[in-house]
Amino acid sequence: MTKYNIKEMEHPAKLAEEFGARMVVYHNLVPVGRAGTNMPDLASTPEEYEAAFNQIYDLQVAYAGKLKVNVYAPFYARIVRQRNPVDFWDWFQKGYLGKCTIGGNYISITENGDYRSCGFHEGYRLGNVKNKKLTKTWTNSSTLNST
């Protein structure tokens, strides 16, 4: 989500439904990597995010049972809590993607073989495929969440 597409939240959901996708995930701009150093200011205003996240909530309701609409943005949880306080905790525990991924619900492997459990913390590594198995790395990262 950038200042160039912040007012077009329904378009990805329509495309996802048209092409039979099971889920569409919206992501706020996180100014790391190229988005933080080599690109012009792409950030939307707080007011634009507020309107977009409320529109996404409406899309979640409208597409329920047809397409899972999700958001990978920590502050989206406030919108859901304000708009649906009765079901909030169930949604937060079972369906919310915007929580921190360090602690066992995400892992990726970089081009040099490093394991990462966060796409935003450039320096956070869990090991490397050359000297640590993926299964062991996953198990160890999962225990971070329970401690």
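Note that the structure is a prediction, hence the values are computed from the model and not measured. (Residues numbered from 1 in each chain as written. Predicted model: local features only at pLDDT ≥ 70, side-chain atom pairs only at ≥ 80, totals over all residues. Heavy atoms only, no water.)

## What to know about the packing of helix 3 (residues 46-63) against helix 4 (residues 76-83)
Part 1: Look at helix 3 against helix 4: their axes get within 10 Å of each other, and the N-to-C directions meet at 60 degrees. The angle between helix 3 and helix 4 falls in the class oblique. When the axes of helix 3 and helix 4 are compared, the crossing they make is right-handed. In this structure, helix 3 uses E50, F53, N54, I56, Y57, D58 and Q60 to contact helix 4, whose residues at the interface are Y76, R78, I79, V80 and R83.
Part 2: For the contact of helix 3 with helix 4, the residue count by class is six nonpolar, two polar and four charged. (Axes fitted to C-alpha atoms, helices over the stretch in contact; angles between N-to-C directions. Helix = DSSP H or I, 4+ residues; strand = E, 2+ residues; numbered from the N terminus. Parallel < 35°, antiparallel > 145°, perpendicular 65-115°, else oblique. Left-handed = near helix turned anticlockwise from the far one by under 90°. Contact = heavy atoms within 4.5 Å. Nonpolar A, V, L, I, M, F, W, Y, C, P; charged D, E, K, R; others polar.)

## Here's the deal with the side chain of T110
Part 1: For T110, the location among the structural elements is in the loop between strand 3 (108-109) and strand 4 (114-116).
Part 2: Here T110 falls in the buried class, since its relative accessible area comes to 13%.
Part 3: With residues up to four places along the chain from it excluded, the contact list for T110 reads R116 and R125. (Buried < 20%, exposed > 50% of the residue type's maximum accessible area, 1.4 Å probe, protein only.)

## Considering the packing of aromatic side chains
Part 1: All told, the structure shown has eleven aromatic pairs when counted by the stated rule.
Part 2: Taking 5.8 Å as the distance between ring centres and 45 degrees as the angle between the ring planes, the aromatic pair formed by F88 and W91 counts as tilted. Highlighted residues: F88 and W91, both in helix 5 (residues 88-94), separated by three residues, approximately one helical turn. Here the two residues F88 and W91 agree in accessibility, since each one is buried.
Part 3: Taken together, a centroid distance of 5.6 Å and an interplanar angle of 75 degrees make the contact between W89 and F92 edge-to-face. You can see W89 and its partner F92 sitting in helix 5, three residues apart, about one turn around the helix.
Part 4: Of the aromatic side chains, those joined through ring pairs into one cluster are Y49, F53, F75, Y76, F88, W89, W91, F92 and Y96. (Phe/Tyr/Trp six-rings, centres within 6.5 Å; stacked < 30°, edge-to-face > 60°.)

## As for the pairing of strand 1 (residues 23-27)
Part 1: Only one face of strand 1 is covered, namely the one carrying V24 and Y26; the face carrying M23, V25 and H27 has none of its residues buried.
Part 2: Two elements, strand 1 and strand 2 (residues 68-72), share five bridges in a ladder whose sense is parallel. What sits directly across from M23, in strand 2, is K68. (Pairing = 2+ DSSP bridges.)

## A look at the nonpolar core
Among soluble globular proteins, nonpolar side chains are generally buried collectively.
Part 1: Judged by nonpolar contacts, the single largest core of 28 residues is most densely connected at M1, Y26, F53, I56, V69, Y76 and W91.
Part 2: Every element with two or more residues in this core is listed here: helix 1 (10-18), strand 1, helix 3, strand 2, helix 4 and helix 5.
Part 3: No other element matches the seven residues that helix 3 contributes to this core.
Part 4: The contact partners of V69, leaving out residues within four places of it in the chain, are V24, Y26, I56, L59, Q60 and Y63. (Core = buried A, V, L, I, M, F, W, Y, C linked by side-chain atoms within 4.5 Å.)

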